[in-house]
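Chains, contacts and geometry: an overview
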Amino acid sequence: MALIVQKYGGTSVGTVERINAVADKVAGFRDKGDDLVVVVSAMSGETNRLTALAEEIMEFPTPREMDVLLSTGEQVTIALLTMALEQRGCRARSFTGGQVRVLTDNTHTKARIREIDSTRIHEQLQQGNVVVVAGFQGVSEEGHITTLGRGGSDTTAVALAAALKADECQIYTDVKGVYTTDPRVVAAARLLTSITFEEMLELASLGAKVLQIRAVEFAGKYKVPLRVLSSFEEGPGTLISLEEDTDMETPAIAGIAFERDEAKLTVAGVPDVPGIAYEVIGPVSEAGIEVDVIVQNAAADGTNDITFTVKRSEGERAKTIIDAVATKLKAASVVLDKKVGKVSLVGVGMRSHAGIAAKMFKVLADESINIQLITTSEIRISIVIEEKYLELAVRALHSAFDLDDPDYEKQSS
Ligand code: ADP
Ligand code: ASP
Ligand code: MG
């Protein structure tokens, strides 16, 4: 008998009909004799709806109250799913994050899990219950409700699987698994049977929202066997493999991730002296704004241009901070561009394949897409471009790096 942690995302529990379908699935697994812990998200659209309500009241809602508000979404789903299971004669109990002691730090709206006391869950399993847990939420040591950041139910599931030493963690979602890129943007995207943990980590951090990055980190750290599958169709899904593929034929690129909602700030003509990058970026980070790509360029005249990107929603706030820094440093100008996006190629195969960057730049040149910023790591290359060309760039790169699904090509020809 196996212990399985399953997580069903927002679309999978988006209506009463879908909750009933999830209950059928869970009851089916239970009939086979497995022990089950089921993590659910809020019904699709609910977290956005609650966020919009809060923003009608306050421009920047208090983080603590935001957590009290947003955690209600998942609480609705645990109760409804548990009722649906009981209706099927399948014994089940629902629990909030706080009740099963998902202990977090107190960084409201983006809390990190510190530990999970799994005693209560084990007791429930021993009594023969399916344990239904609210994703995305926890409790701080002081007893405050916290949430784990958007997409956080994935992390709840993997962290529970780690704490319970589950045999597998299954993330059920609205696509068949992890694809070479978002299948909603590139119809020819190919479903991957497996992907290395390292590649998944990069894809998740670079915008592929199919798994929250913290979930992938947990899976790697605690060696949790992790699989992404469809709630709606049968199939093996994608295994997140902890072992690197040592096959000589490893393709250079495993997948392409992209982020639409970025903003770019350039402060030009600051003095080219030690400490200048800190003076510019420091205050932005201190304001809790996450800085992404940073490029610094020294000119021959002893000045520097520093360019960096942030989430678009934080662009204006970052500009206010940079305007003040620029006045102090007597910078020549500050420019905010709110219409940029980032495209990233990811693959462990890059280590053994030369010329990937050059090929990427050629593909973009052929499409007349101007590259604004470039950053690389050992297994990825990211570029920042005008947002309106984002999808064109992703499709062109997907095809040029032979990622298109051959079956899709056959179907469409
Ligand atoms: P859930 O509500 O189940 O958590 P999400 O919307 O958070 O689902 O994540 C699933 C979505 O991730 C898919 O519908 C798809 O549009 C998107 N996605 C982005 N990149 C990828 C990728 N490489 N593979 C699969 N899905 C992806
Ligand atoms: N409901 C939360 C969100 O929409 C958490 C999740 O679905 O994983 O981000
Ligand atoms: Mg999600």
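Please refer to the structure placed before this passage.
Residues numbered from 1 in each chain as written. Chains lettered and ligands numbered in written order. Predicted model: local features only at pLDDT ≥ 70, side-chain atom pairs only at ≥ 80, totals over all residues. Heavy atoms only, no water.

1. Describing the pattern of salt bridges
- Enumeration over the complete set of coordinates arrives at 25 salt bridges.
- Put simply, Arg114 and Glu141 hold a salt bridge, and the shortest N to O gap is 3.5 Å. Note that Arg114 is positioned in strand E5 (residues 113-116) and Glu141 in the loop between strand E7 (137-140) and strand E8 (145-147), a separation of 27 residues in sequence. Each member of the pair Arg114 and Glu141 is classed as exposed.
- Across the pair Asp323 and Lys319 runs a salt bridge, and its minimum N-O distance is 3.1 Å. Of this pair, Asp323 and Lys319 both sit in helix H9 (residues 315-329), four residues apart, which is roughly one turn of that helix.
- The exposure class assigned to Asp323 is partly exposed, which follows from its relative accessible area of 29%.
- Residue classification places Lys319 among the partly exposed residues on the basis of a relative accessible area of 22%.
- Put simply, Glu198, Arg351 and Glu378 are held in one network by salt bridges that share partners. (Salt bridge = Lys/Arg side-chain N within 4 Å of Asp/Glu carboxyl O. Helix = DSSP H or I, 4+ residues; strand = E, 2+ residues; numbered from the N terminus. Buried < 20%, exposed > 50% of the residue type's maximum accessible area, 1.4 Å probe, protein only.)

2. With respect to the site of ligand 2
- Every residue lining ligand 2 is accounted for by Ser41, Ala42, Thr47, Glu74, Phe136, Arg150, Gly151, Gly152 and Ser153.
- For ligand 2, an oxygen atom lies 2.7 Å from a polar atom in the side chain of Arg150.
- Gly152 places a main-chain nitrogen or oxygen 3.3 Å from an oxygen atom of ligand 2.
- Considered class by class, the residues forming the shell around ligand 2 number two nonpolar, five polar and two charged. (Near = heavy atom within 4 Å. Polar contact = N/O pair within 3.5 Å; in protein donor to acceptor, adjacent residues only side chain to side chain. Nonpolar A, V, L, I, M, F, W, Y, C, P; charged D, E, K, R; others polar.)

3. Here we look at the packing of helix H8 (residues 276-286) against H9
- Relative to each other, H8 and H9 sit at 150 degrees, their axes nearing to 9 Å. Between H8 and H9 lies a crossing of right-handed hand. Of H9, the residues touching H8 (which contributes Ile276, Glu279, Val280, Pro283 and Val284) are Ala318, Ile321, Ile322, Val325, Lys328 and Leu329. (Axes fitted to C-alpha atoms, helices over the stretch in contact; angles between N-to-C directions. Left-handed = near helix turned anticlockwise from the far one by under 90°. Contact = heavy atoms within 4.5 Å.)

4. Quick notes on the site of ligand 1
- The environment of ligand 1 is formed by 16 residues, the closest being Thr173, Asp174, Tyr179, Asp182 and Arg184.
- A distance of 2.8 Å separates an oxygen atom of ligand 1 from a polar side-chain atom of Asp174.
- Between ligand 1 and the protein, one listed contact pairs an oxygen atom with a side-chain N or O atom of Lys209 at 3.3 Å.
- Protein burial of ligand 1: of its 580 Å² of free accessible surface, 90% is covered by the chains.
- A class-by-class count of the residues in the shell around ligand 1 yields six nonpolar, five polar and five charged. (Areas by Shrake-Rupley, 256 points an atom, 1.4 Å probe, with all protein chains shown as cover.)

5. Focus on helix H6 (residues 197-205)
- Of all the residues in H6, the buried ones are Glu199, Met200, Glu202, Leu203 and Ala204.
- Backbone geometry just after H6 places Gly207 at a positive phi near 120 degrees.

That's the geometry; what it means functionally is another story.
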